Amino acid sequence: MLKPALRALLMSTALALAGAVALAPAAGAVEPGQVGVFPAWSVSGTSGAYTATPTFPASAGFPATTVASTGSTLAAPSGVTAFLGAGTDFGAEFGTSRSQPYLTLSPAVTDSSATTISFDAEPPAGWGFALGDIDADWAYIQAFADTAQTSPLPLTALGFQSTGNYCAATPKPGTCGSAPYTDAPVWVTAPELFDGINYLPGTLRGNSLPGAPAATRDTSGAYGWFQPDASVRSIRILFGIRDGFPTAQLWLAGPAPKVVITGTVTIPDAPAGAAVPDGTMVQIEQPDGQPLLDIEDQPLTVPVDPATGTYTIELPQAEEGYIATVIVPPDFVAPDPVPLPGLPDDPETLVATAPPIVIVPMAVTPPPEPPAPPAPQPPAPAPAPAAGPQLAESGGSVDPVLLGLACTLLAAGLMLVLGTRFRTTR
């Protein structure tokens with residue numbers, strides 16, 4: 001995946017470090033309107049016949065470039081554990097190479113190897129390369145004015161800058177072994193004999209000796225870097241052994257014009273001073289939707305200022321532009337991805353204004369109303385007593401028992417009366 005320098009989130013730090021002084025003036029420095037970029041690599045071939053192709057952002061202006069190697073191995077690690085941090089001279093120029101791929105060089109099976117870097121046309125001014133892990137080995141470097149390597153150039157065309165130790169910088173790469181991290185290679189400018197080997201001018205040689213500064217010649221983090229001039233069309237690196245079977249690291253980098261993308265994210269009817277909720281982020285992606293990666297090898301995200309709703313990021317100019325995907329806090333709806341301009345609106349300020357983005361709170365559906373309790377029912381009436389005979393005049397009813405008793409008494413009284421009359425008449 002193409003990962004330009006992507007120091008966007010750390011741009012202020014990188015720019016502050018850009019004032020670090022190299023041991024020689026740069027042939028062309030990364031200007032304020034530029035960012036450093038690194039290529040993606042594709043590697044093919046077999047032992048003794050490898051080819052690697054770097055792919056830079058189009059805006060960097062690199063011509064077609066080919067790397068060929070006769071080494072026993074050639075690989076393109078991710079740069080997660082071995083890198084030139086912003087605290088190194090190389091990193092101060094181009095930005096940290098953390099999470100930026102590079103090549104590992106090795107000797108041939110039985111001898112030194114030859115690695116060539118060839119450009120189909122003039123490379124951009126200010127490009128550079130670095131060789132790392134130069135300790136138990138050496139690299140003899142030549143510059144040529146043609147890809148056939150028939151027109152050698154003077155040593156100064158290579159634009160040697162400085163040497164150092166990337167393990168002494170912060171953060172320390174994970175590949176760094178035990179301290180001390182004081183070892184640095186030597187750039188040979190006159191014939192010399194060191195550790196039993198005669199070196200020619202143009203050699204970046206390891207400087208370690210058993211017991212100084214480490215137990216063996218194999219140390220960690222020793223590197224040197226260069227910024228060739230415009231006449232260079234090809235570079236040859238002969239890589240040889242001082243001890244064991246070492247490997248070296250090769251980084252390429254260059255400047256690219258930058259675009260400063262600014263945008264806003266808002267919510268409808270936001271109160272003053274609270275444009276968006278805390279935690280709103282914008283993830284930056286390539287046009288195909290693949291996220292750009294930051295120095296932690298994670299998707300590149302930019303925080304949105306909760307008070308103003310604004311965000312800003314500096315990226316290499318890209319005609320095809322970029323994509324912004326808003327990462328919203330809980331309870332908000334993520335909007336569709338938005339295209340970002342890859343070219344500035346104003347070539348002076350390099351600013352490009354992104355389309356505004358609106359996020360809305362997630363709709364809250366009220367819970368359904370609980371069913372109404374059933375209406376209370378009146379108690380059932382008591383069963384009515386059986387109706388008795390109706391009194392003719394009153395219409396009231398008479399209890400049958402009382403009626404029977406009354407009839408018995410009436411009959412007894414009648415018999416008493418009749419009995420009395422019967423005795424009287426006799």
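Criteria and thresholds
Residues numbered from 1 in each chain as written. Predicted model: local features only at pLDDT ≥ 70, side-chain atom pairs only at ≥ 80, totals over all residues. Heavy atoms only, no water. Salt bridge = Lys/Arg side-chain N within 4 Å of Asp/Glu carboxyl O. Helix = DSSP H or I, 4+ residues; strand = E, 2+ residues; numbered from the N terminus. Buried < 20%, exposed > 50% of the residue type's maximum accessible area, 1.4 Å probe, protein only. Disulfide = S-S within 2.5 Å. Polar contact = N/O pair within 3.5 Å; in protein donor to acceptor, adjacent residues only side chain to side chain. Contact = heavy atoms within 4.5 Å. Pairing = 2+ DSSP bridges. Axes fitted to C-alpha atoms, helices over the stretch in contact; angles between N-to-C directions. Phe/Tyr/Trp six-rings, centres within 6.5 Å; stacked < 30°, edge-to-face > 60°. Lys NZ or Arg CZ within 6 Å of the ring centre and 35° of its normal. Core = buried A, V, L, I, M, F, W, Y, C linked by side-chain atoms within 4.5 Å.

Draft legend 1. Local environment of the pattern of salt bridges. Under the definition given, this model contains six salt bridges. The salt bridge partner of E192 is R205, with a shortest N-O separation of 2.4 Å. Of this pair, E192 sits in strand β12 (residues 192-194) while R205 sits in strand β14 (residues 203-205), placing them 13 residues apart in sequence. Residue E192 is classed as partly exposed on the basis of its relative accessible area, which comes to 26%. Its relative accessible area of 5% is what places R205 among the buried residues. A salt bridge links E314 to K258; the shortest N-O distance between them is 3.3 Å. Of this pair, E314 sits in strand β20 (residues 310-316) while K258 sits in strand β17 (residues 248-266), and the two are 56 residues apart along the sequence.

Draft legend 2. Structural view of the state of the cysteines. Counting across every chain of the model gives one disulfide. There is a disulfide in this structure between C167 and C176, and the S-S distance comes to 1.9 Å. A torsion of -95° about the S-S bond marks the disulfide between C167 and C176 as left-handed.

Draft legend 3. Layout of the side chain of E285. Note that E285 resides in strand β18 (residues 281-285). Classification of E285 by relative accessible area gives buried; the value is 9%. At 3.0 Å, the side chain of E285 forms a polar contact with the side chain of Q283. Those residues in contact with E285 that lie beyond four places of it in its chain are Q290, P291, L292, Y322, I323 and T325.

Draft legend 4. Highlighting the sheet that holds strand β11 (residues 186-188). The strand order across the open sheet formed by eight strands is β2-β3-β4-β7-β16-β9-β14-β11, and the pairing between neighbours is antiparallel. Strands at the two margins of the open sheet, each flanked by one partner only, are β2 (40-46) and β11. For this sheet, the mean inter-axis angle between neighbouring strands, taken without regard to orientation, is 20°. With three bridges connecting them, strand β9 (residues 137-144) and β14 associate as antiparallel partners. Looking at the pairing, W138 lines up with R205 of β14.

Draft legend 5. The arrangement of the side chain of R98 in detail. The topology assignment puts R98 in the loop between α2 (89-94) and β6 (103-105). For R98, a relative accessible area of 17% gives the class buried. Ignoring any residue separated from it by four or fewer positions in sequence, one finds R98 in contact with G79, V80, F83, P171, I295 and E296.

Draft legend 6. Expanded view of the pairing of strand β21 (residues 322-327). Most of β21 sits inside the fold, with five of its six residues counted as buried. The pairing of β18 with β21 spans five bridges and is antiparallel. Residue pairing for β21: M281 is matched across the bridge by I327. Bridge count between β21 and strand β23 (residues 338-340): three bridges; the pairing is antiparallel. Looking at the pairing, Y322 lines up with L340 of β23.

Draft legend 7. Structural context of the packing of aromatic side chains. Applying the stated criterion across every chain, the model contains 14 aromatic pairs. Above the plane of the ring of F194 lies R205, whose end atom (NZ or CZ) is 3.8 Å from the centre.

Draft legend 8. Just unusual backbone geometry, in detail. The residue after T170, namely P171, is reached through a cis peptide bond having omega 5°. The topology assignment puts P171 in the loop between β10 (160-165) and β11. With an omega of 10°, the peptide bond running from A179 to P180 counts as cis. Following the sequence through the fold, P180 ends up in the loop between β10 and β11. The backbone phi angle of D195 is positive, close to 55°, even though this residue is not glycine. Along the chain, D195 turns up in the loop between β12 and β13 (197-199).

Draft legend 9. Looking closely at the nonpolar core. In terms of nonpolar packing, the biggest core is built from 35 residues, with L131, I141, I235 and L250 touching the most fellow members. Contact partners of L250, with chain neighbours within four places excluded, come to Y102, L103, L105, I117, F129, A130, L131 and I237.

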